[in-house]
Amino acid sequence: MLRHSRLFRFSLAAALAFACAGMSAAAPVKTEHVEAELVAERTAFIPGQSLTVALRLRMAEGWHTYWRNPGDSGLPTTLAWTLPAGATAGPILWPAPYALPVEPLMNYGYEGEVLLLTEILAPADARPGETLALAAKAEWLVCRETCIPEEASLTLELPISSRSDPYPQWGRSIASTRALLPGPVRGWLGAARGEGAKVVLTLTAPADTELPGDLRFFPFDEGRIEPSGKQSLVRDANGTFVLTLPVAHQLAPEFKRVAGVITASRGFASGNLVVPSLALDVPLTGAVVAGPKPMTAATPVLNLDAPPAKAPGTDVSLALALVFAFVGGIVLNLMPCVFPVLSIKVLSLSRPGHGSWRMLRLEGVAYGAGVILSFVALAGLLLGLRAAGAELGWGFQLQSPAVITALALLFFVLALNMSGAFEFATFAPSSAAGWTVRNPYLNSALTGVLAVAIASPCTAPFMGAALGYALTQPAGLTLLVFAALGVGMALPFVLLTWFPGWRRILPRPGAWMERLKQFLAFPLYATVAWLAWVLGAQMDNDAVVRLLGTLVIVAFALWAWRVYRGGATRAFGVLAALGLAGAVVVAWPLFGDTAEDHAAAGTSIASARAAGGAIDPWRPYTPALLQELSRTKPVFVDFTAAWCVTCQVNKRLVLNDSRVREAFAQRGVELVRADWTRRDPDITKALAALGRQGVPVYVLYRPGKEPLLLPEILQKQIIYDALATL
Amino acid sequence: MTIRLSLKLLVASIALFAGGVHAVTAGSAAPQFTIADTTGKPVKLSDYQGKFVVLEWTNPECPFVRKHYDSRNMQDLQKEWGGKDVVWLSINSTNESSSEFKTPQEMGAWMKAQGAAPKAALIDSTSATGRAYAAKTTPHMFVIDRAGKIVYAGAIDDRRSANPADAKVANNYVRAALTEALAGKLVRVSSATPYGCSVKY
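Here goes a summary of the coordinates provided. (Residues numbered from 1 in each chain as written. Chains lettered and ligands numbered in written order. Predicted model: local features only at pLDDT ≥ 70, side-chain atom pairs only at ≥ 80, totals over all residues.)

Attention now moves to the overall build of chain A. Helix and strand counts for chain A stand at 18 helices and 25 strands. Taking all 726 residues of chain A together, the buried fraction comes to 43%. Nonlocal contacts in chain A, meaning residues at least 24 apart in sequence, comprise 79% of its contacts between residues at least 6 apart. (Helix = DSSP H or I, 4+ residues; strand = E, 2+ residues; numbered from the N terminus. Buried ≥ 20, exposed ≤ 12 C-beta atoms within 10 Å, placed from the backbone. Contact = placed C-beta atoms within 7 Å.)

Structure, rendered in structure tokens:
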């Protein structure tokens, strides 16, 4: 007791002494809205040791200053130190911020009083008995409705001593502020995964923990998480906390780690301690895209960024995606765009004297390598373009009229050739012919590349959704899925070269081969017809006529050339050249038009169509329309494209079915069609927000509930079941 | 025949893939608007289709805005690019319910006193256009190309301060974007987190 009181008296005396002489803080600087000063945790510097010094800011009622990331607006407070030689200052150690909403924006900062801490290291050679003078220029922005930038030059002098006691007035506040600085908390483990326009932050709690209450994530850096976006928290079956964060609309590049502070309204329990916040810095797996424009939804009845619930059968695991891609690849061989060309190649192998078994096998391997590498390169190209900021999904190759036109020409010429209208041999210089014989492996590899090129219009229509899923995965996995597609596509051909026993059961080569070749031209003509239809949906009737005109002229030029090579006069050669030039002239506008140029025209066509056919219940998609409608009514959105065959089948068999339409009408469901036939960044973004990069996608937006994602292959019952959840 | 065919068509198919991707651009379409200027005349974004347009979110009460006007940085930009046929529109989205709201007359007088030279200063008193662009701060800048696409959105420069002395030494993102876009080049920095006061919605 005696000891205690003596100690107390000593402390009091020391405190008084310092207050009068040794330690001198200049009086707090008072600005219009802030009182600022430098205060220290302890009474003296010990040579070679660090001391916590705080910038104390006391804001007037209703005014705030900012955290290291100020949120949507504002500026972080800064401190520029002037220190005696040998002394060093660390960075500002920021207490956990508060969310300060200024509707519709969000700021991060402090109201009332805050202590911004800095560790100051005293020089090891500082002499006890002398003083250490600290000076700092502090700058802050203080805002209520109005913002005022303010600054103060602050000083603090502390004695250098071999002993140091808690600073009577501020020691305890600084110590407790430091103890509560956000940091790792034992037992709480974080992980982050990018899912399109969302970051899913999972937080594993220690066993039998108290619930932390509401959580809020504050990112250290700007351009990562949308400050005003809704953060939603659920607890999954394992007791893990899952915080879903909206990716920033203006996403800064290189989003590789999720770093920031999480605050908990009831605190994070760890052992006997409960701390109000924790800091984490974890790698971001998966992939993110910039989030939707904030602030547009006045009422968050329906959060379009909310994770969609999935109807059964829509979830794809990686293993399943690989299997799908592999099987899809095998099926590609049967597609009308690929089958005819590959069959001819296969038959050419069956000619007697085609070379040794070993050669045949090597040719098969070379072909396979060509196919797989082409798919991987195609995926790499798309990933590269997207990394460069292009709003593209799978199917991008069919969104451009130029590509459609070029493909139609390619297939038409191939088909004419198979019909026997002309021979490529009449074009090739004999040196080139010799070259292909000398390089059979390279030639086989190039055949593989060609096969992928001609398969490309078929991958989008039939496998858009599966490959779109692959694109939402990290780059390595995306390439793996595309490689699996290549393996599947190459497999049948490679097997035929390795096990050539099948050659024996073929009839002897003869006239039947020529007839088969001619017959196989028709799937190619059908492909051309389909491409012309797609072009019509993308642009207009004129474009289709232009394409068909080009095809006629090309056919004429090829005929003239053939006649000329057959020994006719030079006039036919000139005709062929003229025809070719004419084809270029006629087709040229189709190559000049980009999807963007036609976007405006396209919209007007779409709306004209909607206006003309008064009974068409489908309204063309815009983000604003969806927001507007979904606020009060259920909305079904059909993400589709003319070139997507799966989409067309679903439309004809399910969506246009009279009973389905009736069911929609009964429930008062608004119908919206997002047509991705042309490139459309708004639709690409909407798809990304749903975790998709390709069509078809069917979503039922439900007021007051998260949107429901339906499977890609629709059945009437699926629609009825989905409507029953309303 | 397919052997020789493959060589020829390979070239064709590479060409068509290359042809299909040349038109790719980042950025979305600039939302349309019609707002009255300080003289009461309605101004439509679509009036300026085919021209480059700069949108400058402004608020005379904001120290970050004053930083760029006191240093004459903003007026100089307005004159420099106005002279190159770029349409500069200053937009005040301060809601009429806010204490910082400026009537068209007040706004016009302030712009005049500053020697500002935008094509027009627009009074977005309902803040609807501010929301449509998700304008967060004053200043918050947008550059729109001749096709109506946003090619730059964000901060005016890389000095995130309210100090007028910083305005002239900063790397100005708007000037950089306009220089590149007018030369037909890709805008390298197409977005940067904006800084300043919040727009008073």
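Sheet strands line up and pair through hydrogen bonds in the backbone, either parallel or antiparallel. Residues and elements named next belong to chain A. Strand order in the open sheet formed by five strands is S2-S3-S4-S10-S7, with antiparallel pairing between adjacent strands. Where the open sheet ends on each side, the last strands, each with one partner, are strand S2 (29–30) and strand S7 (88–89). As judged from the two bridges shared by S2 and strand S3 (residues 34–40), these two strands associate in the antiparallel manner. Looking at S3, one finds that Lys30 is bridged to Glu35. Across the face of the sheet, helix H2 (residues 171–179) comes into contact with strand S4 (50–59) and strand S10 (113–121) while running at roughly 85° to S10. (Pairing = 2+ DSSP bridges. Axes fitted to C-alpha atoms, helices over the stretch in contact; angles between N-to-C directions.)

Let's shift gears to the sheet that holds strand S3 (residues 53–57) of chain B. All names here are of chain B. With mixed pairing, six strands are arranged side by side in an open sheet as S5-S4-S3-S7-S8-S9. In this open sheet, the two strands that pair with only one neighbour each are strand S5 (120–123) and strand S9 (191–192). Both strand S4 (residues 87–92) and S5 contribute to a ladder of four bridges, which runs parallel. Following the sheet pairing, Asn92 is matched in S5 by Ile123. Across the sheet, helix H7 (residues 173–182) lies against S3, strand S7 (141–144), strand S8 (150–154) and S9, angled at about 175° from S8, the strand it touches most.

Below, the discussion takes up the environment of Leu55 of chain B. All names here are of chain B. Of note, Leu55 is situated in strand S3. Counting along the chain gives 86 residues from Leu55 to Met141, while the straight-line C-alpha distance between them is 5.7 Å. Not counting the four nearest positions on each side in its chain, Leu55 is found in contact with Leu89, Ile91 and Phe142.

Across its 28 residues, helix H10 (residues 511–538) of chain A extends 42 Å between first and last C-alpha, which sits within 8% of the 40 Å expected from 1.5 Å per residue. Where H10 of chain A is concerned, the buried positions are Leu520, Leu524, Thr527, Val528, Leu531, Val534, Leu535 and Gln538 of chain A. (Expected span 1.5 Å × (residues − 1).)

Turning our eyes to something else, we now look at the packing of helix H6 (residues 401–419) of chain A against helix H11 (residues 541–565) of chain A. Residues and elements named next belong to chain A. Relative to each other, H6 and H11 sit at 35°, their axes nearing to 11 Å. In the packing of H6 onto H11, the handedness of the crossing is right-handed. Residues Pro401, Thr405, Ala408, Leu409, Phe412, Val413 and Leu416 of H6 pack against Ala543, Leu547, Thr550, Leu551, Val554, Ala555 and Leu558 of H11. Partitioned by chemical class, the residues of the contact of H6 with H11 number twelve nonpolar, two polar and no charged. (Left-handed = near helix turned anticlockwise from the far one by under 90°. Nonpolar A, V, L, I, M, F, W, Y, C, P; charged D, E, K, R; others polar.)

Attention now moves to the nonpolar core. The nonpolar side chains of a soluble globular protein tend to be buried with one another. Counting residues in each nonpolar core, the largest one holds 232 residues, and the members touching the most others are Phe411 and Val637 of chain A together with Val54, Val143, Tyr152 and Val174 of chain B. Take this core: its biggest share by element is 14 residues, from H6 of chain A. Beyond its immediate sequence surroundings of up to four residues, Val637 of chain A is in contact with Tyr621, Leu626, Val672, Ala674, Val699 and Tyr701 of chain A. (Core = buried A, V, L, I, M, F, W, Y, C linked by C-beta atoms within 7 Å.)

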